[in-house]
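Understanding the architecture of this molecule
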Amino acid sequence: MHDRACQREALLQQENEQLRAQLRLREQQLFGRKTETGAATAAPATRPDAPPRRRRGQQPGRPGPRRRDYAHLPAVVEDHEIPGDQCCCRRCGRPFAPVGGTADSTILEVQVRAHRRLIRRHRYRPTCDCGVHPGIITAPPAPRVLPKSILGVSLLVELLLDKYLAYRPTFRLLADLQTRDLDLSLGTVTDALRRLLPLFEPVYEALADHSRRQPVWHGDETRWQVFATVEGKVGFRWYLWVFHSAEVVVFVLAQGRAHDVPEQYLGPQAEGIMVVDRYKAYQAIAQVKQGLIVLAFCWAHVRRDFVTVARTWPEQEGWALAWVERIGHIYQLNDARRAVRDEPASFAVADARLRAAVTALGAQGESELADPLLHPARRKVLESLGEHWTGLTVFVEHPDVPMDNNTAERAQRGPVVGRKNYYGSGAVWAGRLAAMLFSLLQTLCLWNLNPRAWLTAYLTACAEAGGAVPEDIDRFLPWNLSGADRRHWSLAGAEAAPDTS
């Protein structure tokens, strides 16, 4: 009976420790800092050859940032002269004599002004008796993106950029426009956005087709509210999937979070490598089971597991942070290998060093798992490490594949800000338009193109086509741009002037 009582007490003590760990984890999630940097800085220096942690800010011996040049902006010259009653000697009163030259300085200003384009279509009458023309001939109407709409190209571009690039709700933009004496109704703007949807559908399909032909994708998903009643759909929670590759970013709005979404998007013949987290839906993709797509798991999530152990189990902090340091060492070796990809001899040395470190890391995990008295918190993260080891080591054989999925998570950051600001979409068409514009604008930024210049050119072409999609849509795609268009739509706006600072 005493032995059974001791066993019960030990089990209760273990359960109590687990509950305390869960409580610390929930407190950290609710009230603690979201960054994981603080936990990593306390890692003990287990390797004597570990380089010192680089301090933040300007590094000693490195050139400072170049002063930005604004010579490409138009200049409004203002001549400032000394007033006549002050342009003289304060003692004798004799006037100053001009010596030529000026002391110049620059002040940046931005002035936005709403205006009306008053279109006056002149009318004519024929002076002949041929009877070919009607009695009165009127000049053709001005091109409009949306027929019979009062919203011009520049205003539509402002609406799209403010909502889908700055992630502000529409009513805030309308309040801002009211300060410029432009009072627009929310219904007018919403109807304009709905009518823009068909104009961007072909561009979105072209982006998706190009994405499917890429060799490497970063995949991730996040929730997106669509406040519309859809048959067969319970609730308003939809999901916004992202497929980020080297040349294009595509967002897909889907009702669910299952494996059928990436299956249908990529197509049955898709081949390549997808960098993802450990969500089980990716492992259930048909192309993955067939061996057409290889999953590369994210090391940042593995690192997060050890950081969580350090925060929730204080007595395991030293062990967990030692593993965090080992993972950081793998990152450093991989960065060193990627830096010498064009140097075969140096690459071979760096590659051998990385492979040895990865092998030692895997052996370390297996040896610790063999301990029957291993702490449950340690066993849980090490078992997950071993279970996903094949996907975690894809980067070793493919140097171009990153070690983590931070690229996709950074791509989702903007839409998540939009979700917090305007809660999602009020209709299915609005959600589709959001996915299209998120895809387009992030792809343009990926190619270092100015979204405002691109949207202005594309919507102008739509207006000239009678409010329809232009026939030569391929020339607007970033990978098909001519040299002139690339320079004209570059995010820099103009070639940088020589630095004379």
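For the structure given in this document, a descriptive report is provided here. (Residues numbered from 1 in each chain as written. Predicted model: local features only at pLDDT ≥ 70, side-chain atom pairs only at ≥ 80, totals over all residues. Heavy atoms only, no water.)

1. Some details on the packing of aromatic side chains
Under the defined criterion, the tally for this structure stands at 19 aromatic pairs. Taken together, the ring pairs connect Tyr164, Tyr167, Trp224, Phe251, Tyr422 and Phe438 into an aromatic cluster. In this structure, Arg212 packs its charged tip against the face of Tyr265, placed 4.9 Å from the ring centre. For the cation-ring pair, Arg475 lies above Phe476, with the distance from its terminal atom to the ring centre recorded as 4.2 Å. (Phe/Tyr/Trp six-rings, centres within 6.5 Å; stacked < 30°, edge-to-face > 60°. Lys NZ or Arg CZ within 6 Å of the ring centre and 35° of its normal.)

2. Considering the pattern of salt bridges
This model, assessed by the stated rule, comprises 17 salt bridges. Asp400 serves as the salt-bridge partner of Arg341, at 2.7 Å between the closest nitrogen and oxygen. With Arg341 in the loop between helix 10 (317-339) and helix 11 (344-369) and Asp400 in the loop between helix 14 (394-397) and helix 15 (406-422), this pair connects stretches of sequence that are 59 residues apart. Judged by relative accessible area, which is 39%, Arg341 ranks as partly exposed. Put simply, Arg475 and Asp485 hold a salt bridge, and the shortest N to O gap is 3.5 Å. Of this pair, Arg475 sits in the loop between helix 17 (451-464) and helix 18 (483-488) while Asp485 is found in helix 18, placing the two residues ten residues apart along the sequence. For Asp485, a relative accessible area of 18% gives the class buried. Through salt bridges with shared partners, a single network forms among Asp162, Arg168, Asp176 and Arg180. (Salt bridge = Lys/Arg side-chain N within 4 Å of Asp/Glu carboxyl O. Helix = DSSP H or I, 4+ residues; strand = E, 2+ residues; numbered from the N terminus. Buried < 20%, exposed > 50% of the residue type's maximum accessible area, 1.4 Å probe, protein only.)

3. A short note on helix 15
Compared with an ideal rise of 1.5 Å per residue, which puts 17 residues at 24 Å, helix 15 spans 25 Å between its outermost C-alpha atoms and is within 8% of the ideal. The sharpest bend along helix 15 reaches about 30° and sits at Arg413, with the proline Pro415 one to four residues further on. Taken together, the buried positions of helix 15 are occupied by Ala408, Ala411, Gln412, Gly414, Pro415, Val416, Gly418, Arg419 and Tyr422. Packed against the buried residues of helix 15 are helix 3 (153-164), strand 3 (216-225), strand 4 (237-244), strand 5 (249-254) and helix 16 (428-446). (Expected span 1.5 Å × (residues − 1). Bend = angle between axes of the 7 residues up to and from the residue. Contact = heavy atoms within 4.5 Å.)

4. Some remarks on the environment of His80
Tracing the backbone through its elements, the reader meets His80 in the loop between helix 2 (37-41) and strand 1 (123-124). We classify His80 as exposed; its relative accessible area is 71%. In terms of polar contacts, His80 uses its side chain to reach the side chain of Glu78, at 3.3 Å. (Polar contact = N/O pair within 3.5 Å; in protein donor to acceptor, adjacent residues only side chain to side chain.)

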